[in-house]
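Each chain, written out:
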Amino acid sequence: MNNRGDWLVDRVLHAVIGGAMRLPYEKRVAFMGAAMRWAVGPLAGYRKRAETNLATIYPDMGAKTRRRIADGVCDNFGRTLIENFSHAELHHRLVRTQPSGGGLEHVRAAAEAKRPVIFVTGHFGNHEAPRHVLTGMGLTVGGLYRPMANAYFDARYAKTMTSWGGPVFAQGRAGTIGFARHLKAGGMGTLLFDVNNDNGIPVDFLGRPAMTATSAADLAHKFDAVVIPYFAIRQADGISFDVVIEAPIARTDQATMMAEMNARLGHWVTQHPEQWFWVHRRWKNKRGTI
């Protein structure tokens, strides 16, 4: 999308979010999901891009099913967006959430030993929800995030990630150095690994090679960090989450570690396809396939 298009989408989202923030939390989340599903998503081209990616990965999937999932993707995106703008209320609702999974004992052990932990996840459910839950347990979890392609909107959204929890760094030389220092000091931080990276390596994701950054594996080796995937699965009420802290990724070579991370995420995407951000050009390569 060109700069004028990005500006228009930003202005529309700003107006919609401003109106939504005046509503009670549950109505706000539902409203934003509907707004993204029926208006902003189609306007911004999100729904079309999601359908294109779904057709690439599931060529036998019918058009009606693709549209249903793509609409769900937009709905989940809208809900996630307003939840993260409402981070104080989201945190209040998540503070009593009890996470499950085989990684909890490893998190506790690392915290006691002051050993670095790299939490890895994707744009699934609400990717910030596990960080809220862990923060509620008394842990300090920072992060490294990739700025949105829409620079106008990213300037607004970045504030939601840096205003609570541990230190959050924007991807880039300075941000990566800051994140590395945080880990070196025994800190915990989150990396999202499910976006295309032309400087990465091709790793299978949902049956198709996807260029994948090796940052998580590289930092784990450099700082002797534990790598733990976590995910937040949105529940049927559209508001609450089941937070899963999975068993650590075994310390092996880059390709094997990243393949395991993709497989862990792929499991949840297969179970709940409407909760993953199919809007990303995940399988784009240097030649720009999709």
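Colleague: What should I look at first to understand the layout of surface pockets in this one?
Modeller: A probe as big as a water molecule, rolled over the atoms, marks out the empty space that is left. Taken as a whole, the second largest pocket holds about 160 Å³ of empty space. Looking at the second largest pocket, the residues that line it are Ala-110, Ala-111, Lys-114, Arg-115, Gly-138, Leu-139, Thr-140, His-182, Ala-185, Gly-186, Gly-187 and Met-188. Split by residue class, the lining of the second largest pocket holds five nonpolar, five polar and two charged.

Colleague: How should the pattern of salt bridges be read in this particular structure?
Modeller: Close approach of charged atoms allows side chains with opposite charge to pair. Counted by the stated rule, this structure contains twelve salt bridges. The partner of Glu-51 in a salt bridge is Arg-67, and the shortest N-O contact between them spans 3.0 Å. Residue Glu-51 is found in helix 3 (residues 46–57), and its partner Arg-67 is found in helix 4 (residues 63–85); the two are separated by 16 residues along the sequence. Exposure remark for Glu-51: the relative accessible area of 16% places this residue in the buried category.

Colleague: What am I meant to see in the packing of aromatic side chains here?
Modeller: Aromatic ring pairs are defined here through the distance separating the ring centres and the angle between the ring planes. Considering all chains together, one arrives at eleven aromatic pairs under this definition. Pairing Tyr-46 with Phe-77 gives two aromatic rings, centres 5.5 Å apart and planes at 70 degrees, and the pair type is edge-to-face. Taken as a pair, Tyr-46 in helix 3 and Phe-77 in helix 4 lie far apart in primary sequence, 31 residues in all. With respect to burial, Tyr-46 and Phe-77 carry one shared label: buried. A centroid spacing of 5.9 Å and a plane angle of 75 degrees characterise the contact between Trp-276 and Trp-283, whose relative ring orientation is edge-to-face. An aromatic cluster of three or more residues is present, and its members are Tyr-58, Phe-205, Trp-276, Trp-278 and Trp-283.

Colleague: Just checking my understanding: could you explain the side chain of His-182 for this structure?
Modeller: Tracing the sequence through the fold places His-182 in helix 9 (residues 173–184). Residue His-182 is classed as buried on the basis of its relative accessible area, which comes to 16%. Within the local environment of His-182, its side chain forms a polar contact with the backbone oxygen of Met-188, the two atoms lying 2.7 Å apart. Look past the residues within four positions of His-182 in its chain and what remains in contact with it is Gly-142, Pro-167, Phe-169, Gly-187, Met-188 and Gly-189.

Colleague: What's the story with helix 7 (residues 129–136) in this structure? I'm lost.
Modeller: Buried residues dominate helix 7, accounting for six of its eight residues. Burial in helix 7 covers these residues: Ala-129, Pro-130, Arg-131, His-132, Val-133 and Leu-134. With its phi angle positive at about 95 degrees, Gly-138 sits one or two positions after the end of helix 7.

Colleague: Explain the environment of Val-168 here, please?
Modeller: Within the fold, Val-168 resides in strand 3 (residues 168–170). Considering only alpha carbons, one finds Val-168 and Gly-143, 25 residues apart in sequence, at a separation of 4.5 Å.

Colleague: I'm lost on the environment of Glu-89 in this one. Help?
Modeller: Residue position: Glu-89 is located in helix 5 (residues 87–94). A C-alpha to C-alpha distance of 7.5 Å links Glu-89 and Tyr-25, two positions 64 residues apart in sequence.

Colleague: Would you mind going over the packing of helix 2 (residues 25–44) against helix 5 with me for this structure?
Modeller: Geometrically, a packed helix pair is captured by the angle between its two axes and the distance between the axes. Two numbers describe how helix 2 lies on helix 5: the axes approach to 11 Å, and their chain directions differ by 115 degrees. Compared by their axis directions, helix 2 and helix 5 come out roughly perpendicular. Crossing geometry of helix 2 relative to helix 5 is assigned as left-handed. Listed contacts from helix 5 to Tyr-25, Glu-26 and Arg-28 of helix 2 are Glu-89, Leu-90 and Arg-93.

Rules of the game
- Residues numbered from 1 in each chain as written.
- Predicted model: local features only at pLDDT ≥ 70, side-chain atom pairs only at ≥ 80, totals over all residues.
- Heavy atoms only, no water.
- 1 Å grid on protein atoms, 1.4 Å probe; cavity = no way out; pocket = protein on both sides within 12 Å on 5 of 7 lines; lining within 4 Å.
- Points joined across faces, edges and corners; volume = space filled by probe spheres on them.
- Nonpolar A, V, L, I, M, F, W, Y, C, P; charged D, E, K, R; others polar.
- Salt bridge = Lys/Arg side-chain N within 4 Å of Asp/Glu carboxyl O.
- Helix = DSSP H or I, 4+ residues; strand = E, 2+ residues; numbered from the N terminus.
- Buried < 20%, exposed > 50% of the residue type's maximum accessible area, 1.4 Å probe, protein only.
- Phe/Tyr/Trp six-rings, centres within 6.5 Å; stacked < 30°, edge-to-face > 60°.
- Polar contact = N/O pair within 3.5 Å; in protein donor to acceptor, adjacent residues only side chain to side chain.
- Contact = heavy atoms within 4.5 Å.
- Axes fitted to C-alpha atoms, helices over the stretch in contact; angles between N-to-C directions.
- Parallel < 35°, antiparallel > 145°, perpendicular 65-115°, else oblique.
- Left-handed = near helix turned anticlockwise from the far one by under 90°.

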